[in-house]
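Examining the three-dimensional arrangement
Residues per chain are reported as follows:
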Amino acid sequence: PSTRARTRRRMEGDAAPLPAGGRPEAFRLLWKSSLEKLKEKPFKFEDAGHVVYRALAWRRLGLLGKSKGAQQLKAVEEDALEGIDLKAWLAEGLSLPGGVTIARVSKKAIGEGLGFLSMCFKIGLTYEGPSELAIKGLPSSVILKMPSRYEESFDLIAEETDCYRREHDFYIQVAPALAGTAMRVPKLYSSEVVPNSGVRLLMEDLGGCGYSVNQLDGLSAAEVAPFVQMAAEMHAAFWPLTGRSGIPECVVRAADERSFIARWPKCFVARYDEFLRSEGLAKFDIGIEKSVVLDIAAKIHGNADKILDRVSRIAPQTVIHSDYRADNFIVGSPDGESCVLDWQLLSTGPGVYDLGDCVVKSMTVEVRGRPGVCKDQWH
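To start, this report covers the structure provided alongside it. (Residues numbered from 1 in each chain as written. Predicted model: local features only at pLDDT ≥ 70, side-chain atom pairs only at ≥ 80, totals over all residues. Heavy atoms only, no water.)

**Here's the deal with the packing of aromatic side chains**
Two measures describe an aromatic ring pair: the distance that separates the ring centres and the angle between the ring planes. Note the threshold: Only Phe, Tyr and Trp rings are paired, with Trp represented by its six-membered ring, and only when their centres lie within 6.5 Å; those with planes under 30 degrees apart are stacked, over 60 edge-to-face, the remainder tilted. By definition, any uninterrupted DSSP run of H or I lasting at least four residues is a helix, any uninterrupted run of E lasting at least two residues is a strand, and each is numbered from the N terminus. To sort residues, take the accessible area from a 1.4 Å probe on protein chains only and compare it with the maximum for the residue type: under 20% means buried, over 50% means exposed, and anything in between is partly exposed. Over a ring means this: the NZ of a Lys or the CZ of an Arg is within 6 Å of the ring centre and within 35 degrees of the ring normal.
A complete count under the given rule lists 8 aromatic pairs for this structure. When the ring of Trp239 is compared with that of Trp378, the centres are 6.4 Å apart and the planes differ by 65°; the resulting orientation is edge-to-face. With a gap of 139 residues between them, Trp239 in the loop between helix 9 (221-237) and helix 10 (260-270) and Trp378 in helix 16 (residues 375-378) connect regions that are remote in the sequence. The exposure class assigned to Trp239 is partly exposed, which follows from its relative accessible area of 28%. Judged by relative accessible area, which is 12%, Trp378 ranks as buried. An angle of 55° between the planes, with centres 5.9 Å apart, marks the rings of Phe268 and Tyr272 as tilted. Residue classification places Phe268 among the partly exposed residues on the basis of a relative accessible area of 23%. For Tyr272, a relative accessible area of 10% translates into the label buried. One aromatic cluster is present, formed by Phe170, Tyr171 and Trp343 through successive ring pairs. Lying across the ring of Phe260, Arg263 places its NZ or CZ 5.3 Å from the centre.

In structure tokens form, the structure reads like this:
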């Protein structure tokens, strides 16, 4: 309770001096609901997750006064596009038919300040051509995805994981092999490797397909089902001996230093002493006996190399997304379709790794606790 009170005072104190026009309405509502959650009793671990997520979102947007302000963020976004002749670049990327030109371009950053390793822009397009038939079927909007400039500290992660080239390789070499499967990804118009900068992807705008869900709120079993099906068909396509395609050489292997599968156990071992000093993060009080948490941690620490070997070599290796969770999903609307985004961490690994990501990170305890949920469908 004392921690809750201190946190509430801190949050309210930080929020108070903001100018009246400085908060986007959507985030103002999120912030208000976060404060309401802090006043609830008991204060649950899940609620802490909501508050922290939203606080970080606000901090990234510069609305707590300790990061880049909204005007600075806009400047960062404008700087990212500096030097690009958008009309010419888009015309080439879209392979416009003869006689068709781009008359007007609008651009809007989406997910402002919240990008992890990339920043995205929604580009609106208006065309001119010899006839309506010539411009019929051309996209009215596209998505431009490029290296993030919001947080300089992410540059090192991007370099260590080679994430930009990995996504480029996915669309060029892996996605074509998924044709005919249930896996739905954005259509690629062009992918350009920019020296010393990363990759610029020009992709289909999937905004009309469905809606996104905050993964902290969780997905229902019905919402998850299409993603389980898509994962299963992708895994099957590259499954050892029975898959219809071999795993392309460009796909980072699970034990590779660039793979997050390899990074997790190494990072845990490196910070194990810190974990012990926290008594297994006891202050979060998640309802599990401290001795149980510490016992599990000791087993992971003592067998980290064996776990990595089993996950990266002994288990059947296929192509996996490696970050298969709600934040990277578009949930299909009744007249739309579900889609999977963000392939920067693509690697080899056991198919159940994606399934575990999906179930544990994207479903509530109540839903995922049902016997056989998702597992039977995936098999």
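**Quick word on the side chain of Asn328**
Our working rule: Polar contacts, as used here, are pairs of N or O atoms within 3.5 Å; protein pairs need one atom able to donate a hydrogen and one able to accept it. Residues neighboring in sequence count only if both atoms are side-chain atoms. In this analysis, two residues are considered to be in contact whenever any of their non-hydrogen atoms come within 4.5 Å of each other.
Along the chain, the position of Asn328 falls in the loop between strand 7 (318-320) and strand 8 (329-332). You can call Asn328 buried: its relative accessible area is 6%. Here the side chain of Asn328 touches Asp323 through a polar contact of 2.9 Å, landing on its backbone oxygen. Other than its neighbours up to four places away in sequence, Asn328 contacts His321, Asp323, Cys339, Val340, Leu341 and Asp342.

**Remarks on the side chain of Glu167**
Here Glu167 is to be found in helix 8 (residues 163-174). Look at Glu167 and you get buried, because its relative accessible area is 2%. Sequence-distant contacts of Glu167, defined by excluding residues within four places in its chain, comprise Lys145, Leu201, Asp342, Trp343 and Gln344.

**Observations concerning the sheet that holds strand 9 (residues 339-340)**
Quick note on the threshold: At least two DSSP bridges between two strands are required for those strands to pair.
Pairing is antiparallel in the open sheet, where 3 strands are placed in the order 6-8-9. Of all the strands in the sheet, just strand 6 (210-211) and strand 9 have a single pairing partner and so form its edges.

**Overview of the pattern of salt bridges**
Note the cut-off: Salt bridge criterion: a side-chain nitrogen from Lys or Arg within 4 Å of a carboxyl oxygen from Asp or Glu.
Applying the stated criterion across every chain yields a total of 18 salt bridges. Its salt-bridge partner being Lys290, residue Glu279 comes within 3.1 Å of it at the nearest N-O pair. One end of the pair, Glu279, is in the loop between helix 11 (272-277) and helix 12 (290-302); the other, Lys290, is in helix 12, with 11 residues separating them in the sequence. By relative accessible area, Lys290 is classed as partly exposed at 37%. For Lys375, the salt bridge goes to Asp376, with nearest N and O atoms at 3.4 Å. Here the salt bridges share partners, and the residues they tie into one network are Lys145, Glu167 and Asp342.

**Overview of the environment of Asp323**
Within the secondary structure, Asp323 is located in the loop between strand 7 and strand 8. Residues Asp323 and Gln344, 21 residues apart in the sequence, show an inter-C-alpha distance of 8.8 Å. Setting aside its immediate chain neighbours within four residues, Asp323 contacts Asn328, Leu345, Asp354 and Asp357. Only 2.7 Å separates the side chain of Asp323 from the side chain of Arg325, close enough to count as a polar contact.

**As for the packing of helix 9 against helix 14 (residues 351-362)**
Operational definition: Working convention: axes come from line fits to C-alpha atoms, limited for helices to the stretch in contact. Angles between N-to-C directions cover 0 to 180 degrees. By definition in this entry, angles of less than 35 degrees are roughly parallel, angles greater than 145 are roughly antiparallel, angles of 65 to 115 are roughly perpendicular, and the rest are oblique. Crossing chirality is assigned from the near helix's rotation relative to the far helix, an anticlockwise turn below a right angle marking it left-handed and a clockwise turn marking it right-handed. In the scheme used here, Gly and all other residues not listed as nonpolar or charged are polar, with Ala, Val, Leu, Ile, Met, Phe, Trp, Tyr, Cys and Pro taken as nonpolar and Asp, Glu, Lys and Arg as charged.
Interaxial distance between helix 9 and helix 14 falls to 10 Å at its minimum, and their mutual angle equals 165°. Taken together, the axes of helix 9 and helix 14 are roughly antiparallel relative to one another. At the point where helix 9 passes helix 14, the crossing takes the right-handed sense. The residues of helix 14 that touch helix 9, namely those facing Val224, Val228, Met234 and His235, are Gly351, Asp354, Leu355 and Cys358. Grouping the amino acids of the contact of helix 9 with helix 14 by side-chain chemistry returns 5 nonpolar, 2 polar and 1 charged.

**Let's talk about the packing of helix 10 against helix 13 (residues 304-314)**
Between helix 10 and helix 13, the least distance of the axes is 10 Å, while the angle of their chain directions is 175°. In terms of orientation, helix 10 and helix 13 fall into the roughly antiparallel class. In this structure, helix 10 contributes Ile261, Ala262, Pro265, Lys266 and Val269 to the contact, and helix 13 contributes Ala304, Leu308 and Val311. Per-class residue counts for the contact of helix 10 with helix 13 are 7 nonpolar, no polar and 1 charged.

**Brief notes about the nonpolar core**
Note the threshold: Among the buried residues, those of types Ala, Val, Leu, Ile, Met, Phe, Trp, Tyr and Cys that are joined through side-chain atoms within 4.5 Å form a nonpolar core.
Core analysis: the largest hydrophobic core is formed by 44 residues, its most contacted members being Phe170, Met183, Tyr324, Phe329, Val340, Trp343 and Cys374. Secondary-structure elements contributing two or more residues to this core are helix 8, strand 5 (198-204), helix 9, strand 8 and helix 14. Tallying contributions element by element places helix 9 first for this core, with 8 residues. The contact partners of Trp343, leaving out residues within four places of it in the chain, are Arg166, Glu167, Phe170, Tyr171, Met183, Val185, Met234 and His321.

**Observations regarding the environment of Gly369**
Positionally, Gly369 belongs in the loop between helix 15 (365-368) and helix 16. For the pair Gly369 and Val359, spaced 10 residues apart in sequence, the C-alpha to C-alpha distance is 9.5 Å.

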